[in-house]
Amino acid sequence: MDDHRTTALLADPRDGSGPPGRAGRPEPSRRRGGLPGGLLGTARPRQWVKNLLVVAAPAAAGELDSLRNAAELAVVFVLFTAAAAAVYLVNDARDAEADRAHPVKCRRPVAAGTVPVPVAHAAGALLAAGAIGGAAVLCNAMTGALLTAYLSMQLAYCIWLKHVLVVDMAVVTTGFLLRAMIGGVALGIPLSRWFLITTGFGALFMVAAKRYSEAVQLEGGKGATRALLDQYTTGYLRFVWQLAAGVAVLAYCLWALEGGGGDETALLPWRQLSMIAFILAVLRYAVFADRGTAGAPEDVVLRDRALAVIGAVWAAMYALAVAGL
């Protein structure tokens, strides 16, 4: 009896060292926010920043100066966020058992029991239906088709494709590309071939860099557990992110050197000058990839001040190039 009490007193409820269902894992009813908070947490609010990519194509075309366009893009952002949240809910519901055995993922609301699995499935289905229905009513047909394609592909990823070698990276990369495309499609803006190539391979660069970092951690015994990681070699993943980075830089430089638009009247060749900032940003990001510390892209940018500054300088130059100033 005394030994049991001592163990219970020494167990830290925050690190999961106590007995299951007691000190090691807080009861669902005591978790902050309850069911509503759990549903919101499962929807991954931190990941919503990725959906700002919907403004990428309109920004590249200089179409952000209209209130009407801004309103349409806001609608697309909300619909895409709902679609992405639906995918997260379904994914966590399907992976609940596996997540409970993970030292970090066991804190996810579905795995912890704050959100019951049937509720997560139902909420995901409602959000998916709402996103598709909203796109059908509020947007053009092509926007609805792209959103439906995104949902279908991501749900297939949750169920099956994340277990298929190479295809798993292609699906995640395509998800980023669809985000970048859908804003232009919603506003009827033609999508440049250079825009698609740079965006697609830039996304592949970040996806492969993240996989590479996770594989390095797995080799170091740090407990990375993503599906398929044990089937990739670090050499292969390094090849993929290096190839993707090279193609993205080449495509961007070809766009910058192609000229056109308002460049003839600009005070400085901003398109060409922006190549410097773009290449520096890729090289800086590659430092973290090479070290095996390139996690989520937003985390890499936010924790490295130099990369954030380079990105801001690039964005300013890009905006000046598009505006022809």
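For the structure given in this document, a descriptive report is provided here. (Residues numbered from 1 in each chain as written. Predicted model: local features only at pLDDT ≥ 70, side-chain atom pairs only at ≥ 80, totals over all residues. Heavy atoms only, no water.)

Two side chains of opposite charge can pair, provided their charged atoms sit close to one another. In total, this model carries 11 salt bridges according to the counting rule given. In this structure, aspartate 99 and arginine 108 form a salt bridge, with 3.4 Å as the shortest nitrogen-oxygen distance. Linking aspartate 304 and arginine 284 is a salt bridge whose minimum nitrogen-to-oxygen distance equals 2.8 Å. Note that aspartate 304 is positioned in the loop between α13 (297-303) and α14 (305-323) and arginine 284 in helix α12 (residues 270-291), a separation of 20 residues in sequence. Take aspartate 304: its relative accessible area is 9%, and that puts it in the buried class. One connected set of salt bridges, linked through shared partners, spans Arg44, Asp92, Asp99 and Arg108. (Salt bridge = Lys/Arg side-chain N within 4 Å of Asp/Glu carboxyl O. Helix = DSSP H or I, 4+ residues; strand = E, 2+ residues; numbered from the N terminus. Buried < 20%, exposed > 50% of the residue type's maximum accessible area, 1.4 Å probe, protein only.)

So, on to the packing of aromatic side chains. Geometry of an aromatic ring pair is reported as the spacing of the ring centres plus the angle between the planes. Enumeration over the complete set of coordinates arrives at 12 aromatic pairs. With a centroid separation of 5.3 Å and 50° between ring planes, the pair formed by tyrosine 252 and tryptophan 255 is classed as tilted. Of the two residues, tyrosine 252 and tryptophan 255 both sit in helix α11 (residues 234-258), three residues apart, roughly one turn of that helix. Taken individually, tyrosine 252 and tryptophan 255 each receive the classification buried, so the pair is uniform in this respect. For the ring pair tyrosine 252 and phenylalanine 278, a centre distance of 4.2 Å and an interplane angle of 5° mean the geometry is stacked. Here tyrosine 252 is found in helix α11, whereas its partner phenylalanine 278 is found in helix α12, with 26 residues between them in sequence. Ring-pair connections join several aromatic residues into one group, and the members of that group are Tyr252, Trp255, Phe278, Trp314 and Tyr318. A cation over a ring is seen here: arginine 271 above tryptophan 255, with NZ or CZ 4.1 Å from the ring centre. (Phe/Tyr/Trp six-rings, centres within 6.5 Å; stacked < 30°, edge-to-face > 60°. Lys NZ or Arg CZ within 6 Å of the ring centre and 35° of its normal.)

A positive phi angle, near 60°, is found at arginine 44, a position not held by glycine. Position of arginine 44 relative to the elements: it lies in the loop between α2 (34-42) and α3 (56-60). Relative accessible area serves as the criterion here: at 17%, arginine 44 is assigned to the buried category. Although it is not a glycine, valine 166 sits at a positive phi angle of roughly 75°.

Turning to the side chain of asparagine 69, a few remarks are in order. For asparagine 69, the position within the fold is in helix α4 (residues 67-94). A distance of 3.1 Å separates a polar side-chain atom of asparagine 69 from the backbone oxygen of glutamate 63. (Polar contact = N/O pair within 3.5 Å; in protein donor to acceptor, adjacent residues only side chain to side chain.)

A few words now on the packing of helix α7 (residues 117-138) against helix α8 (residues 141-159). For the pair α7 and α8, interaxial distance at closest approach is 8 Å and the crossing angle is 160°. It follows that α7 is roughly antiparallel to α8 by the angle criterion. Relative to α8, α7 is oriented so that their crossing is left-handed. On α8, the residues that touch Ala128, Ala131, Ile132 and Ala135 of α7 are Gly144, Leu147, Thr148 and Leu151. Residues that form the contact of α7 with α8 fall into these classes: six nonpolar, two polar and no charged. (Axes fitted to C-alpha atoms, helices over the stretch in contact; angles between N-to-C directions. Parallel < 35°, antiparallel > 145°, perpendicular 65-115°, else oblique. Left-handed = near helix turned anticlockwise from the far one by under 90°. Contact = heavy atoms within 4.5 Å. Nonpolar A, V, L, I, M, F, W, Y, C, P; charged D, E, K, R; others polar.)

Our focus in this paragraph is the nonpolar core. Within the largest apolar cluster, 38 residues are counted, with the highest numbers of intra-cluster contacts made by Met169, Phe205, Trp241, Tyr285 and Ala294. Those elements giving two or more residues to this core turn out to be α9 (167-186), α10 (193-219), α11, α12 and α14. Among the elements that make up this core, the one with the highest residue count is α11 (11 residues). Ignoring anything within four residues of it in the chain, the contact list for alanine 294 reads Ala209, Lys210, Ser213, Tyr285, Phe288, Ala289, Val300 and Arg303. Of all hydrophobic cores here, the second largest spans 28 residues; its members include Leu161, Leu178, Met181 and Ile182. (Core = buried A, V, L, I, M, F, W, Y, C linked by side-chain atoms within 4.5 Å.)

Now for α7. The end-to-end C-alpha separation of α7 is 31 Å, in line with the 32 Å expected for 22 residues at 1.5 Å each. The elements touched by buried residues of α7 are α2, α4, α6 (109-112) and α8. (Expected span 1.5 Å × (residues − 1).)

Note on placement: proline 269 falls in the loop between α11 and α12. For the pair proline 269 and alanine 321, spaced 52 residues apart in sequence, the C-alpha separation works out to 7.5 Å.

With that settled, consider the environment of leucine 228. Relative to the assigned elements, leucine 228 resides in the loop between α10 and α11. What makes leucine 228 buried here is its relative accessible area of 6%. Taking the C-alpha atoms as reference points, leucine 228 and aspartate 168, 60 residues apart in sequence, are found 8.8 Å from one another. Apart from the residues within four sequence positions on either side, leucine 228 is in contact with Lys162, His163, Val164, Leu165 and Asp168.

Viewed as axis vectors pointing N to C, α4 and α8 meet at an angle of 15°, and their least axial separation amounts to 10 Å. Classified by the interaxial angle, the pair formed by α4 and α8 is roughly parallel. Considering only the axes of α4 and α8, their crossing is right-handed. Residues Leu79, Phe80, Ala83, Ala84, Ala86, Val87, Val90, Asn91 and Arg94 of α4 pack against Leu147, Tyr150, Leu151, Gln154, Leu155, Cys158 and Ile159 of α8. Of the residues belonging to the contact of α4 with α8, the class tally is 13 nonpolar, two polar and one charged.

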